[in-house]
Amino acid sequence: MKIVSLKWLYPLFIFSIFIFFVPIQTLILEAIKINGVKPDMGLILAYLIGLGWGKNQGLFWGALLGGFQDLFSTGTIGPHLLLNGLIGFGTGLLETFFVYFSLHIHAVIMFAVSLLRDLSGTLFSHDTWSDVSYEMLGRGLYNSVVVLAILFLILKQRHFEEFLIKGSR
């Protein structure tokens, strides 16, 4: 069972990723920082794509988006690619169970995934815990709120479509 089945959205999504992902992540999200923390759209999209479109798409898009993040950042190439791909794949594997979770549980899972991804990325890049900070907690919270809002909008749209279908009978 998938959250959303909008096949017409897929080509638009592919086009927008190649054109808008890096500018949105690097420029627009800079404007909505809270205490120096901005959401991680690559991680958020990997989670949502795995949840909505399954493990293969989650792995592919998570790795692609993570690769873009690695390519356009000053850090090492590889951590985001690997970790976002694994997150998309893992979410896709568990999509049947995840669909039945409440929005609050998705927020908690996203917080934990974001925190674990940041911690493992720090260990992968710097081989030490010295870079662990409150910024990671803030990013986890910010990512959770963004996922919560997106899932709320998707579910609200879905309920509206069901209402239109039932109302037309």
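The preceding data block contains the structure.
Residues numbered from 1 in each chain as written. Predicted model: local features only at pLDDT ≥ 70, side-chain atom pairs only at ≥ 80, totals over all residues. Heavy atoms only, no water.

1. As for the packing of helix α2 (residues 41–53) against helix α4 (residues 79–93)
Between α2 and α4, the shortest axis-to-axis distance is 7 Å and the interhelical angle comes to 25 degrees. As the angle between them shows, α2 and α4 are arranged roughly parallel. Relative to α4, α2 is oriented so that their crossing is right-handed. In this structure, α2 uses G42, L43, A46, Y47, G50 and L51 to contact α4, whose residues at the interface are N84, I87, G88, T91 and G92. Here the residues of the contact of α2 with α4 sort into five nonpolar, six polar and no charged. (Axes fitted to C-alpha atoms, helices over the stretch in contact; angles between N-to-C directions. Helix = DSSP H or I, 4+ residues; strand = E, 2+ residues; numbered from the N terminus. Parallel < 35°, antiparallel > 145°, perpendicular 65-115°, else oblique. Left-handed = near helix turned anticlockwise from the far one by under 90°. Contact = heavy atoms within 4.5 Å. Nonpolar A, V, L, I, M, F, W, Y, C, P; charged D, E, K, R; others polar.)

2. A word on the packing of helix α3 (residues 55–71) against α4
Two packed helices can be described by the angle between their axes and the distance between those axes. At a closest axis distance of 7 Å, the pairing of α3 and α4 adopts a crossing angle of 160 degrees. The pairing of α3 with α4 is recorded here as roughly antiparallel in orientation. α4 is crossed by α3, and the crossing has right-handed handedness. For the pair α3 and α4, contact is made by K55, G58, L59, G62, A63, G66, G67, Q69 and D70 and by P79, H80, L81, N84, G85, G88, F89, G92 and L93, respectively. Of the residues assigned to the contact of α3 with α4, the class counts are six nonpolar, 10 polar and two charged.

3. As for the nonpolar core
Of all hydrophobic cores here, the largest spans 22 residues; its most connected members are I17, F21, I44, L45 and V147. Secondary-structure elements contributing two or more residues to this core are α1 (9–31), α2, α3 and α7 (134–167). A total of eight residues in this core trace back to one element, the largest contributor, which is α2. Residues contacting F21, with those up to four places away along its chain left out, are S16, M41, G42, L45, L65, F68 and Q69. (Core = buried A, V, L, I, M, F, W, Y, C linked by side-chain atoms within 4.5 Å. Buried < 20%, exposed > 50% of the residue type's maximum accessible area, 1.4 Å probe, protein only.)

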